[in-house]
Amino acid sequence: MRTEEIVFVGTARGIARPVVVEPLRAGIPVRVYGPDWRGYIPASAIAAAGIANDRLPGLYERAAVVLNDHWPAMRREGFVSNRLFDVVAAGGRALSDDVAGIEEIFGEAVRTFTDIDELISMLQGDLVALFGPADEMVARGDRIRQEHSFDARAHTLIAAVMRRAAQSVAGGPP
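Residues numbered from 1 in each chain as written. Predicted model: local features only at pLDDT ≥ 70, side-chain atom pairs only at ≥ 80, totals over all residues. Heavy atoms only, no water.

Engineer: Explanation requested: helix α6 (residues 116-124) in the structure shown.
Structural biologist: In an α-helix there are 3.6 residues to a turn, and that puts residues three or four apart on one side. The complete set of buried residues in α6 reads Leu-119, Ile-120, Met-122 and Leu-123. What you see down the axis of α6 is that its buried residues fit within an arc of 160°, all on one side. Exposed and facing more than 90 degrees away from the buried side of α6 are Asp-117 and Gln-124. Of the surrounding elements, those touching the buried residues of α6 are β1 (6-9), α1 (18-25), β4 (65-68), β5 (94-97), β6 (110-113) and α7 (127-130). (Buried < 20%, exposed > 50% of the residue type's maximum accessible area, 1.4 Å probe, protein only. Helix = DSSP H or I, 4+ residues; strand = E, 2+ residues; numbered from the N terminus. Arc of directions from axis to C-beta. Contact = heavy atoms within 4.5 Å.)

Engineer: How should the packing of helix α4 (residues 82-89) against helix α8 (residues 134-147) be read in this particular structure?
Structural biologist: To describe two helices that pack against each other, one gives the angle between their axes and the distance between the axes. Put simply, α4 and α8 touch, their axes get as near as 8 Å, and they point 125° apart. One finds that α4 runs oblique with respect to α8. Viewed along their axes, α4 and α8 form a crossing whose handedness is left-handed. Across the interface between the two elements, Phe-85, Val-88 and Ala-89 from α4 touch Arg-140, Gly-141, Ile-144 and Arg-145 from α8. Residue composition of the contact of α4 with α8, by class: four nonpolar, one polar and two charged. (Axes fitted to C-alpha atoms, helices over the stretch in contact; angles between N-to-C directions. Parallel < 35°, antiparallel > 145°, perpendicular 65-115°, else oblique. Left-handed = near helix turned anticlockwise from the far one by under 90°. Nonpolar A, V, L, I, M, F, W, Y, C, P; charged D, E, K, R; others polar.)

Engineer: I'm lost on the sheet that holds β6 in this one. Help?
Structural biologist: Sheet strands pair by backbone hydrogen bonding; their relative direction is either parallel or antiparallel. Here six strands make up an open sheet; going across it, the order is β3-β2-β1-β4-β5-β6 and the pairing parallel. Both edges of this open sheet fall to β3 (46-48) and β6, since each of them pairs with a single strand only. Between one strand and the next, the sheet's axes are offset by a mean angle of 30°, whatever the strand orientation. Where β4 lies against β5, three bridges are found, and the strand directions are parallel. Its bridge partner being in β5, Leu-67 is matched across the sheet by Leu-95. Here α4 sits on the sheet and contacts β1, β4, β5 and β6; the angle it forms with β4, its principal contact strand, is near 170°. (Pairing = 2+ DSSP bridges.)

Engineer: What's the story with the packing of α1 against α6 in this structure? I'm lost.
Structural biologist: Between α1 and α6, whose axes approach to 10 Å, the crossing angle comes to 60°. One way to sum up the angle between α1 and α6 is to call them oblique. In the crossing of α1 with α6, the sense of the turn from one axis to the other is right-handed. For the pair α1 and α6, contact is made by Pro-18, Val-19, Glu-22 and Pro-23 and by Ile-116, Leu-119, Ile-120 and Leu-123, respectively. For the contact of α1 with α6, the residue count by class is seven nonpolar, no polar and one charged.

Engineer: What am I meant to see in the side chain of Arg-93 here?
Structural biologist: Along the polypeptide, Arg-93 turns up in the loop between α4 and β5. Buried and unpaired, Arg-93 has no salt bridge, with Asp-126 as the nearest side chain of opposite charge at 7.5 Å. A distance of 2.8 Å separates a polar side-chain atom of Arg-93 from the backbone oxygen of Ala-64. Excluding residues within four positions of it along the chain, Arg-93 makes contact with Arg-2, Ala-64, Val-65, Val-66, Val-87, Ala-109, Leu-127, Val-128, Phe-131 and Met-137. (Lys, Arg positive; Asp, Glu negative; His and termini not counted. Salt bridge = Lys/Arg side-chain N within 4 Å of Asp/Glu carboxyl O. Polar contact = N/O pair within 3.5 Å; in protein donor to acceptor, adjacent residues only side chain to side chain.)

Engineer: How do you make sense of the environment of Leu-127 when you look at a structure like this?
Structural biologist: With respect to the helices, strands and loops of the structure, Leu-127 is situated in helix α7. Look at Leu-127 and you get buried, because its relative accessible area is 12%. Each C-alpha atom, one on Leu-127 and one on Pro-18, is 20 Å from the other, the two residues being 109 residues apart in sequence. Dropping the residues within four chain positions of it, Leu-127 is found in contact with Ile-6, Ala-64, Val-65, Arg-93 and Met-122.

Engineer: Would you mind showing me how to read the pattern of salt bridges here?
Structural biologist: The final tally for this structure, using the stated rule, is nine salt bridges. A salt bridge links Arg-25 to Glu-22; its shortest N-O distance comes to 2.7 Å. Placement of both Arg-25 and Glu-22 in helix α1 is noted, with a separation of three residues, approximately one turn of the helix. Arg-25 gets classed as exposed once you look at its relative accessible area, which sits at 60%. Residue Arg-75 is joined to Asp-97 by a salt bridge in which the shortest nitrogen-to-oxygen separation is 2.9 Å. Of this pair, Arg-75 sits in helix α3 (residues 72-77) while Asp-97 sits in strand β5; the two residues are 22 residues apart in sequence, bridging distant segments of the chain. Residue classification places Arg-75 among the partly exposed residues on the basis of a relative accessible area of 35%. For Asp-97, a relative accessible area of 9% translates into the label buried.

See below:
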């Protein structure tokens, strides 16, 4: 059963990460799981200094929404955060800063914002209406688990190595 909790999992990274700090400043409760947040956010917002990996899927599935952000270099180079794959595979929903490809990969399971004002507006709105129907969320999670699992990625890498090896043997370009 989904709760009304807005969740963030991660370290402060030595900065006041706006995806966490600004909703709290706007009076929106965020439950933060991760180290090094003291001094950046109220102690009451820190749920724990960490969370066991085996508990993450349940947290993601139950949360109203999971907040996510990317390092600037990740955004610039089009690297999508692993957390989004974890959240959607667990049946969760996420709000993230925009990175090229997120919509194509996750559909309505991940909604993106372009600035903090838009994030705050989304969090103050109807979160249920923001995301797709429950059956679509389940289907999206199933697809993410199938196409983006560790095993699926390993098969992709092995296939690429095998193609490269076959080209080398055949005298083709590396």
